[in-house]
Amino acid sequence: MSIYDTLNEPQREAVLHTDGPLLILAGAGSGKTRVLTHRIAYLIDELGVNPWNILAITFTNKAAEEMRQRVDALVSIGAESIWVSTFHSACVRILRRFIDRLGYDSRFTIYDTDDQKTLMKEVCRKVDIDTKVYRERALLSAVSSAKNEMILPDEFELNAGGDFGKQKIAKVYREYEAMLKANNALDFDDLLVKTVQLLETQPDVLDYYQERFRYIMVDEYQDTNTVQFRLVRLLAGKYRNLCVVGDDDQSIYKFRGANIRNILDFEHEFSDAHVVRLEQNYRSAGNILRAANSVIKNNRSRKDKTLWTDKGDGEKIQLRQFDTAFDEAEYIAEDIKKEVREGASYNDSAVLYRTNAQSRLLEEKFIAMNIPYKIVGGINFYARREIKDLLAYLKTVDNGRDDLAVRRIINVPKRGIGLTTINRIQESADERGIGFYEALLAPELIPGVGRSAAKLDSFAALIEYFKGQNEKESITELLREIIEKTGYAESLKDEDKVEAEARLENLDELVNKAAAYEEDCRDRDEEATLSGFLEEVALVADIDSLDEAQDYVVLMTLHSAKGLEFPHVYLAGLEDGLFPSYLTITSDDNEDLEEERRLCYVGITRAEEKLTLTCARRRMVRGETQFNKMSRFIREIPMELIDTGNKKIEEGTQIPVQNTYSHAKQAFRTQPFSAQFSSAVSGKTAGKQPFSALQKGGQLLSGKGGGLSYGVGDRVRHMKFGEGTVREIKEGGRDYEVTVEFDSAGVRKMFAMFAKLVKIS
DNA sequence: GCCGCCAGTATTTTT
DNA sequence: TACTGGCGGC
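Given the structure is predicted, the values throughout are model-derived calculations rather than measurements.

(A) View of the packing of helix α4 (residues 87-98) against helix α10 (residues 203-212). For the pair α4 and α10, the least separation of the axes is 12 Å and the interaxial angle reads 135°. Compared by their axis directions, α4 and α10 come out oblique. Between α4 and α10 lies a crossing of right-handed hand. On α10, the residues that touch Ile94, Arg97 and Phe98 of α4 are Val205, Tyr208 and Tyr209. Classifying every residue of the contact of α4 with α10 gives five nonpolar, no polar and one charged.

(B) Focus on helix α8 (residues 164-182). With 19 residues, α8 should cover 27 Å at 1.5 Å per step; its first-to-last C-alpha distance of 27 Å lies within 8% of that length. Gly165, Ile169, Ala170, Val172, Tyr173, Tyr176, Glu177, Met179 and Leu180 are the residues of α8 that are buried. Buried-residue contacts for α8 involve β4 (109-111), α5 (113-126), α6 (136-148), α7 (153-160), β5 (185-187) and α9 (188-201). With its phi angle positive at about 50°, Asn184 sits one or two positions after the end of α8.

(C) Main features of the protein's contact with DNA strand C. Lining the immediate surroundings of DNA strand C are Lys121, Arg360, Arg622 and Gly623. Among atoms of DNA strand C positioned within 4 Å of the protein, sugar and phosphate together represent 64%. One of the side-chain N or O atoms of Arg360 is found 2.3 Å from a phosphate oxygen in DNA strand C. Residue composition of the surface near DNA strand C, grouped by class: no nonpolar, one polar and three charged.

(D) Spatial organisation of the packing of α4 against helix α25 (residues 530-539). Two elements in contact, α4 and α25, have axes separated by 11 Å at closest approach and are oriented at 155°. The angle between the axes of α4 and α25 places the two elements in the roughly antiparallel class. Both α4 and α25 take part in a crossing whose hand is right-handed. Facing His88, Ser89, Val92 and Arg96 of α4, the residues of α25 in contact are Ser531, Glu535 and Leu539.

Parameters at a glance
Numbers given for residues are sequential positions, taken from 1 along each chain in its written order. For naming, the first written chain is A and the first written ligand is 1, with later ones following in the order written. In keeping with the model being predicted, local features are shown solely for residues with a pLDDT of at least 70 and side-chain atom pairs are shown and tallied solely at 80 or more, while totals for entire chains, interfaces and linings include all residues. To obtain the side-chain values, all non-hydrogen atoms of the structure were used and water was disregarded. In this description, a line fitted to the C-alpha atoms serves as the axis of each element, helices being fitted only across the stretch in contact, and the angle between N-to-C directions of two axes falls anywhere from 0 to 180 degrees. Here a helix means four or more residues in a row that DSSP labels H or I, a strand means two or more in a row labelled E, and each is numbered from the N terminus. An angle below 35 degrees is treated as roughly parallel, one above 145 as roughly antiparallel, one from 65 to 115 as roughly perpendicular, and anything else as oblique. Should the near helix be turned counterclockwise from the far one by less than a right angle, the crossing is left-handed, whereas a clockwise turn marks it as right-handed. Throughout, a contact is declared for two residues whenever any of their heavy atoms are within 4.5 Å. Note on residue categories: nonpolar means Ala, Val, Leu, Ile, Met, Phe, Trp, Tyr, Cys or Pro, charged means Asp, Glu, Lys or Arg, and polar means any other residue, Gly included. For a helix, the expected span equals 1.5 Å multiplied by the number of residues minus one. Any residue under 20% of the maximum accessible area for its type is buried, any over 50% is exposed, and the rest in between are partly exposed; the area is computed with a 1.4 Å probe on protein chains only. Whether a residue is near a molecule or strand is decided by its heavy atoms; if any one of them lies within 4 Å of it, the residue is near. Throughout this description, a polar contact denotes any pair of N or O atoms lying within 3.5 Å of each other; where both atoms belong to protein, one of them has to be capable of donating a hydrogen while the other can accept it, and for residues adjacent in sequence the pair is counted only when both atoms sit in side chains.

Written out as structure tokens, the structure reads:
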């Protein structure tokens, strides 16, 4: 009996089909990782393929690691020479070797979103764009989607035609690119774009990698974007042994440029593609699977398929609705406690939610109840200030051309080098067409820095000293030395005690990470380099740190949960407005809601034995109370699969708008609502006691709904526009749109929530 | 040049 | 609510 006998029929078909393009449509929990690992084993052990010729691309480093281990257990030898990595790290590896062909130095730095923003700000300053009109974030996302589509500045400008706004963006894009290059830096998207450019323009490099990667496998193919597609097509162009695995129902990264057409059109792109469908689910109990199927079937643009299982029905799906998000969190925490008392482990459970902000309440409850937990995502460790500072030192030592890094640390800790000096250095550098650091090495050539010259000299001497040390000592030692010799640790002591302590701990943690990296390299017999460490740091995802062996409850977003599974899954915050999010509900593009539904499908199918859905009628979002209906996705699940625990579930009274605590308070403080106002908001909801919950607190409101303290015809005052008369109040979305005729500022439409109009009598 | 306060903004998801 | 960035005072 061979290892391949344990596979089911379509799985075996996928494993044995090794030549030519292959599309594996693998439903959730259908054993696609098994197929991939067995396929690799088959290639090596049965067909005698050299592991060296195999490339497997996964979504996260964690998945890569896992795959390597599982292959290792299957094949006799050589698993370690297979390339298993994410798109991004594979590209970095290629670029480190050949990027000089594109005019970069191989010690380029990788910019994260923070760095991008800083750079973009500078770009805007340079090309004279008001960041209040065009926000950095918006500009960056425009640039990013262009890159994801492989549209370079020239083409972008061409496409812009006469459109003024687009022309501006084209200008920004061009300058942004120029500055990245000047800093010898690449952003995330560049890693892919530049690799494709490299392969397209350098035939010998392309040939090298085509020869090397004779067998290519891509996991989570539904989430690839256009550049990634182009990359894969290039690499597989010669031998065409390309196997992609994916599930169009789990495509959840459209916002990041993922192109679901990549998987839907695979058969068109590769006309001789063989297609295998894996529809038997080995993960979830029958009821859970049925729920998942009944939700996803509401999507129109998908390849039709239905997962099935030969497992029993299992438990019903638990549904609980609460008054507030506090109650919700408490229930989840208590429920987990209860199950642990009954013999479960903490790591049997995971809590999934739509937005990172939701983790807060859960975390508080978990702490209060002494439940071990781990939050995945949220603020990245490497995004913390002290960590970024230290990394900026390392980047400066490693790549002297990264001006952003140098400017970040030139006065951290305080050396008395101020903004004026920094600007003068920059100006001088720009004039002479050299880098910031290079300019600062010779302060005597810079007009107007006379007094700071000595300080600049000692800063430069410090960096140069570190550069020297970098040659001699390990990264760990260098890092320790930087922390000490710059006085960084010392400077923290002046800060708030608790804060400083946390930061110092983080610094220790960073040193530990460096040590771990070096050890890793030693194990793998590779040289540990500063560039290598910085790259690893830039490309880790928080999910990579997840450790199944540890006994904790995992809390994370639905996006992070992709590819994972747990015996008991809690889906929290299933409310219209939160999940599906308010933006997708109001979007006129139906695709958006479909993507949200896929996200729900991903969430449900993470559960093996038990699924608990929870929602709250009332929840604080950004300091405001929101009233939400139960999620429409819940209503797509047949009632007979659901157990509400004998509690009453209401579809939810949707309160139209104006639910904010502060407005309620303000409304109470001023005076009852005018007659015009209640007629303006229609009687539909007026009788439903929208503030029932708030009444508990007592003094807030009388009984009727509403919340504005003024009505049509009233005189109001606005902070900026002065006094005026209310002409119209319209109900819209979450807020009221108020039209006011100001005495001096004319007629203005504004949202009540932001306008903070005050009634004057 | 540095520090502290205030105002404006944000939240959908992340390699 | 919570964070960030800008501005003004010392």
